[in-house]
Amino acid sequence: EDEFQFLRCEVCRQESPNLKLLTCLHTLCLSCLGKREPVGQCPVCCTAIPQASAITHMDNLLFTNLQARLRVYKQMVDGVDLFCDNCRKLGEFWCSECFEFLCTKCFEAHQRYLRWESHRAKRVMDIRAGSAKDFLEGIRRTGSLSCSNPDHKNQPVSIYCPRCEKALCCSCALLDGHQALFRDIRSETQRRQEELSSMERELRRRRSGFEATYTSLQGEAARLEEAQREMRELIRQRVEQLVRLIRQEEEELVGLVEARQEQGRRELARELRHVEGVLRRMEAGERLVEKMSLYATEQEVMDMQPFIKGSLQELQQLQPPSAGDQTEPGPFAECRARLQAL
């Protein structure tokens, strides 16, 4: 669906199980990340990615997990390979907690033994009748956090430790000596999501400054091109009035104008690329936070928020460069002086 095209690699536009989130907040597949040119730059916004940095990218857990969930939804819609994961009979139910298809008999056993663990299996026909967004929203509501202790993965989690910045089960919390610092995990997840949303709103506000600078630089580039054309025409008209002896001077003047124009064009192009890169990073940040708010589970928020927050803070510190506001480009002053001398 068009709504989920954001799950593709932003370079090759292909689906990939290995999506990486760069510090500029653009998402690339592992293949494009390995062959990007020039090395050390994001191919989307040309932002430098220091190779010496300890963390240059992280797994985009949100996008890869959404791809996996949508594959299950497509499997239900297409009616392909809908077999019970326990007995291989026809799968008529699906549990978002177990991530398994169930036949009627296994569904009854599932409801009997797991009803106290909030497992809510739904009919495949009901899921098929809904939209992909409804399906993802259902998973998001039932999605649960896992304890940071690998031995307690199946333990319910409701506690957050700000000292170690980890989610804890009750067993880990009881063994920890800093219980006074604990917070409710739901509140912490909500706080992190609200913090990202607040940063995204600030980013939208600051974006207007960069857009104004970008428009100003484009206008300056157009004025530079127009000034270059006018200067070439003036040189041509004056030189045609002169005798053959000053043809060499004509060639030198035209060459000088070309050199100045190229110099100015390169400088403006560099500024345009920089501002365009920042705008793309901001767009990527806004889009990512929006998708996090719509589709991210609490586990994904906990895992990805610090990384995204760091990138958004870096964006917030950027200031749009001030574009020059000259009534007439100055690179051609030397040309005018030599022409006047003639």
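Preceding this paragraph is the structure being described.
Cut-off values and rules
- Residues numbered from 1 in each chain as written.
- Predicted model: local features only at pLDDT ≥ 70, side-chain atom pairs only at ≥ 80, totals over all residues.
- Heavy atoms only, no water.
- Helix = DSSP H or I, 4+ residues; strand = E, 2+ residues; numbered from the N terminus.
- Buried < 20%, exposed > 50% of the residue type's maximum accessible area, 1.4 Å probe, protein only.
- Contact = heavy atoms within 4.5 Å.
- Areas by Shrake-Rupley, 256 points an atom, 1.4 Å probe, with all protein chains shown as cover.
- Pairing = 2+ DSSP bridges.
- Axes fitted to C-alpha atoms, helices over the stretch in contact; angles between N-to-C directions.
- Parallel < 35°, antiparallel > 145°, perpendicular 65-115°, else oblique.
- Left-handed = near helix turned anticlockwise from the far one by under 90°.
- Nonpolar A, V, L, I, M, F, W, Y, C, P; charged D, E, K, R; others polar.
- Expected span 1.5 Å × (residues − 1).
- Bend = angle between axes of the 7 residues up to and from the residue.

(A) Broad picture of the overall build of the protein. Secondary structure assignment for the protein yields 10 helices and 9 strands. Each of the 342 residues in the protein was classed as buried or not, and the buried ones make up 40%. Partitioning the intrachain contacts of the protein with sequence separation of at least 6 by distance along the chain shows that 63% fall at a separation of at least 24. Just so you have it, the protein exposes about 19400 Å², and 48% of that area is on carbon and sulfur atoms.

(B) Structural view of the sheet that holds strand S6 (residues 121–123). If you trace the 3 strands from one edge of the open sheet to the other, you get S5-S4-S6, paired in antiparallel fashion. Where the open sheet ends on each side, the last strands, each with one partner, are strand S5 (100–102) and S6. With direction set aside, neighbouring strand axes in the sheet form an average angle of 30°. Both strand S4 (residues 93–95) and S5 contribute to a ladder of 3 bridges, which runs antiparallel.

(C) Fine view of the environment of Pro306. Within the secondary structure, Pro306 sits in helix H9 (residues 298–316). In this structure Pro306 comes out as partly exposed when scored by relative accessible area, which is 41%. Residues Pro306 and Leu196, 110 residues apart in the sequence, show an inter-C-alpha distance of 9.4 Å. Once residues lying within four places of it in the same chain are set aside, the contact partners of Pro306 are Arg192 and Val301.

(D) Structural detail: the packing of helix H7 (residues 185–240) against helix H8 (residues 247–295). Between H7 and H8, whose axes approach to 8 Å, the crossing angle comes to 165°. Taken together, the axes of H7 and H8 are roughly antiparallel relative to one another. Crossing angle aside, the handedness with which H7 passes H8 is left-handed. Partitioning the contact of H7 with H8 into residue classes produces 21 nonpolar, 8 polar and 15 charged.

(E) Representation of H7. With 56 residues, H7 should reach 82 Å at 1.5 Å per residue; the first-to-last C-alpha distance of 81 Å fits that figure. The sharpest bend along H7 measures roughly 25° and falls at Arg206.

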